[in-house]
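Take a look at the letters that make up each chain.
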There are 2 protein chains.
Amino acid sequence: MSLWYEEEWSGGTRFSVKIKEHLHSEQTPFQRLDVYESWDYGRFFSLDGYIMITDKDEFVYHDMIVHPAMAVKPDIKKVLVIGGGDGGTVRELLRYTTIEKIDMVEIDERVVRVCQEYFPVTACGLTDSRVNLMFADGLVFVRGAQEASYDLIIVDSTDPIGPGEGLFTEDFYRNCFRVLSADGILVNQNESPYYDHNRRELERAYKKIKAVFPIALAYQAHIPTYASGHWLFGFASKQRHPVEDVDMENWKKLGLETKYYNSSLHYGAFALPTFVKEYLK
Amino acid sequence: MSLWYEEEWSGGTRFSVKIKEHLHSEQTPFQRLDVYESWDYGRFFSLDGYIMITDKDEFVYHDMIVHPAMAVKPDIKKVLVIGGGDGGTVRELLRYTTIEKIDMVEIDERVVRVCQEYFPVTACGLTDSRVNLMFADGLVFVRGAQEASYDLIIVDSTDPIGPGEGLFTEDFYRNCFRVLSADGILVNQNESPYYDHNRRELERAYKKIKAVFPIALAYQAHIPTYASGHWLFGFASKQRHPVEDVDMENWKKLGLETKYYNSSLHYGAFALPTFVKEYLK
């Protein structure tokens, strides 16, 4: 007997992972949440049948959603994380001693509680004194948040289908802009440019973000457990260009050890393939 | 009823593609060769159960195995291609009018004939007058080849298991070095750094190539139909450094339209994640 977790990457493509044990399964008020122990990826969890993080490669995603923005704007003090229930984004942010406060707004408390139980290495930072954890709808939260109250907003959400949907609307991006300080930055997880249905979502989100922020770019990473392995992040900024205005020497001086991100890769991540640049035109 | 092609990416991971039609299947003297029509990737073929090229993303692989070296050394005149039976590498090389001669040494004539029938867009260049197509063992061929007779060698082979095995030996690399001109370049398809069994092959090949060439680096691309989607190429050179000694302005002047490769991506491809750099140390 063998047990396989199977994920639909598109109508005609499936990605399957051999499972040692199905550790947990529940229907939260927002989504279906499953935790597995696998042979190749260690422990992982999925929401509505899509892998969110695995022990093996969560470092790629969390490196890339945090460090590029921190390198571009080293004086970030106040951060808003929307989503990010597994805690990996907060864990990476906490490595910067210059950050004074992290507000984290996760819609689904069950994701946090289950990750605290099953992914202690990822969730470890959530109880830090600099972290203010709230269980609320991110869209509603930014509507009510004060003007210019954050230097960085990270949208670490699920895809534009399901509970993450509102985080890909122009209303949401406009409120992020308002809530960000004068040279604030918004980073969000985007989609893959590879499969048509992902790409269409990506183009739609990118168009909206471009309508709001003067600087809006995408950057990429290799995340083999996400559809196609070619994953994009959005970088939107009021003033600073992530390639032209970055001082990588300064970031290097911090001496942070990172398993994926590094100073050369910062530039490389923004060097998109021609076909991706065409989509985002 | 639905038909699925299933590939083992590792013992605990499978990648499955929904098939419209199994167009061709044969056991050649060297390997099992299958051609399929799929929903997501158009037509593709596999050797011994591993996808070689698909209509959807062959451009990534062929852009990346050819253009970086051509940008680094624009005066390349004589090229040796080992493997490359589908013809995509030759097709990209032929776009450079400065190339005078391409010797192509493919061990398996059946791969060429089947690709000429099923992948005319990829195989189109194989009948060009500048191409000298030979069916022979690449390892034996380079042993017998004249000193300094090529400016560029491209090893477009299968993985280090099966008929491609000899193309990952130090004997082979030493002969490539001998056969290359004074500032010649060797490019080979490597492996993924992601799964342990791939990574071990990668480390082994890289160590051997480093023992022979003064400059030996790896660069990466997103190829979603290869295991993990994170694929590496080896760049070995007698003199020219692919990042420090490249004149991208010169390459841009050629005006080649490429769907993946571009002048910024050239640098980005060599900017490897930290964990990959550690493996290659």
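Preceding this paragraph is the structure being described.
1. Some words on unusual backbone geometry
Residues and elements named next belong to chain A. Backbone geometry at serine 228 places phi at a positive 80°, although glycine is not the residue there. Structurally, the position occupied by serine 228 is in the loop between β11 (215–222) and β12 (230–237). The buried category is assigned to serine 228, whose relative accessible area is 1%.

2. Side note on the packing of aromatic side chains
Applying the stated criterion across every chain, the model contains 44 aromatic pairs over all chains. Aromatic rings pair up to connect Trp9, Phe15, Tyr41, Tyr194 and Tyr195 of chain A together with Trp9, Phe15, Tyr41, Tyr194 and Tyr195 of chain B into one cluster. One Lys or Arg, arginine 199 of chain A, reaches over the ring of tyrosine 279 of chain A and ends 4.4 Å from the middle of that ring. Seen from the ring of phenylalanine 59 of chain A, lysine 259 of chain A lies directly overhead, with NZ or CZ sitting 4.3 Å from the centre.

3. With respect to the packing of helix α1 (residues 58–72) of chain A against helix α9 (residues 263–270) of chain A
Residue and element names in this part refer to chain A. For the pair α1 and α9, the least separation of the axes is 11 Å and the interaxial angle reads 105°. In terms of orientation, α1 lies roughly perpendicular with respect to α9. Contacts from Met64, Pro68, Ala71 and Val72 of α1 reach α9 at Leu265, His266 and Ala269. Taken together, the residues that form the contact of α1 with α9 break down as six nonpolar, one polar and no charged.

4. Overview of the pattern of salt bridges
Here the structure, examined in full by the defined rule, presents 42 salt bridges over all chains. A salt bridge links glutamate 6 of chain A to arginine 14 of chain A; the shortest N-O distance between them is 3.5 Å. The class for glutamate 6 of chain A is partly exposed, based on a relative accessible area of 46%. Ionic pairing is found between aspartate 183 of chain B and lysine 73 of chain B, a salt bridge with its closest N-O pair at 2.8 Å. Here aspartate 183 of chain B, found in strand β10 (residues 180–189), pairs with lysine 73 of chain B, found in the loop between α1 (58–72) and β6 (78–83); they are 110 residues apart in sequence, far enough to count as distant. Owing to a relative accessible area of 2%, lysine 73 of chain B belongs among the buried residues under this scheme.

5. Quick notes on the relation of the copies chain A and chain B
Of the transformation superimposing chain A on chain B, the axial component is 0.0 Å and the angular component is 180°, with the fit at an RMSD of 0.0 Å. Interpreted geometrically, this transformation is the action of a two-fold axis. When C-alpha positions in chain A are compared against the rotation axis, the closest is assigned to glycine 268 of chain A, at 1.7 Å. A shared interface surface links the copies, since 100% of the contact residues of chain A are contact residues in chain B too.

6. Some points on the sheet that holds β11 of chain A
All names here are of chain A. Strands sit in the order β8-β7-β6-β9-β10-β12-β11 across an open sheet of seven strands; the sheet is mixed. The open sheet has two free edges, formed respectively by β8 (131–135) and β11, since each of these has just one partner strand. Averaged over all adjacent pairs, the angle separating strand axes in this sheet is 15°, with direction ignored. Direction of pairing for strand β6 (residues 78–83) relative to strand β7 (residues 101–106): parallel, over a ladder of five bridges. Opposite isoleucine 82, over in β7, you have valine 105 as the bridge partner. The strands touched by helix α6 (residues 170–179) are β6, β9 (150–156) and β10 (180–189); relative to β10, the strand with the most contacts, the crossing angle is about 140°.

7. Concerning the pairing of β6 of chain B
Residues and elements named next belong to chain B. Burial within β6 is extensive, with five of its six residues counted as buried. For the crossover from β6 across helix α2 (residues 88–93) to strand β7 (residues 101–106), the handedness is right-handed. In this sheet, strand β9 (residues 150–156) lies alongside β6 in parallel orientation, the contact comprising five bridges. Each residue of the ladder has a partner; that of valine 79, found in β9, is leucine 152.

What counts as what
Residues numbered from 1 in each chain as written. Chains lettered and ligands numbered in written order. Predicted model: local features only at pLDDT ≥ 70, side-chain atom pairs only at ≥ 80, totals over all residues. Heavy atoms only, no water. Helix = DSSP H or I, 4+ residues; strand = E, 2+ residues; numbered from the N terminus. Buried < 20%, exposed > 50% of the residue type's maximum accessible area, 1.4 Å probe, protein only. Phe/Tyr/Trp six-rings, centres within 6.5 Å; stacked < 30°, edge-to-face > 60°. Lys NZ or Arg CZ within 6 Å of the ring centre and 35° of its normal. Axes fitted to C-alpha atoms, helices over the stretch in contact; angles between N-to-C directions. Parallel < 35°, antiparallel > 145°, perpendicular 65-115°, else oblique. Contact = heavy atoms within 4.5 Å. Nonpolar A, V, L, I, M, F, W, Y, C, P; charged D, E, K, R; others polar. Salt bridge = Lys/Arg side-chain N within 4 Å of Asp/Glu carboxyl O. Least-squares fit on C-alpha atoms with pLDDT ≥ 70 in both. Pairing = 2+ DSSP bridges. Right-handed = clockwise from strand over helix to strand, strands pointing away.

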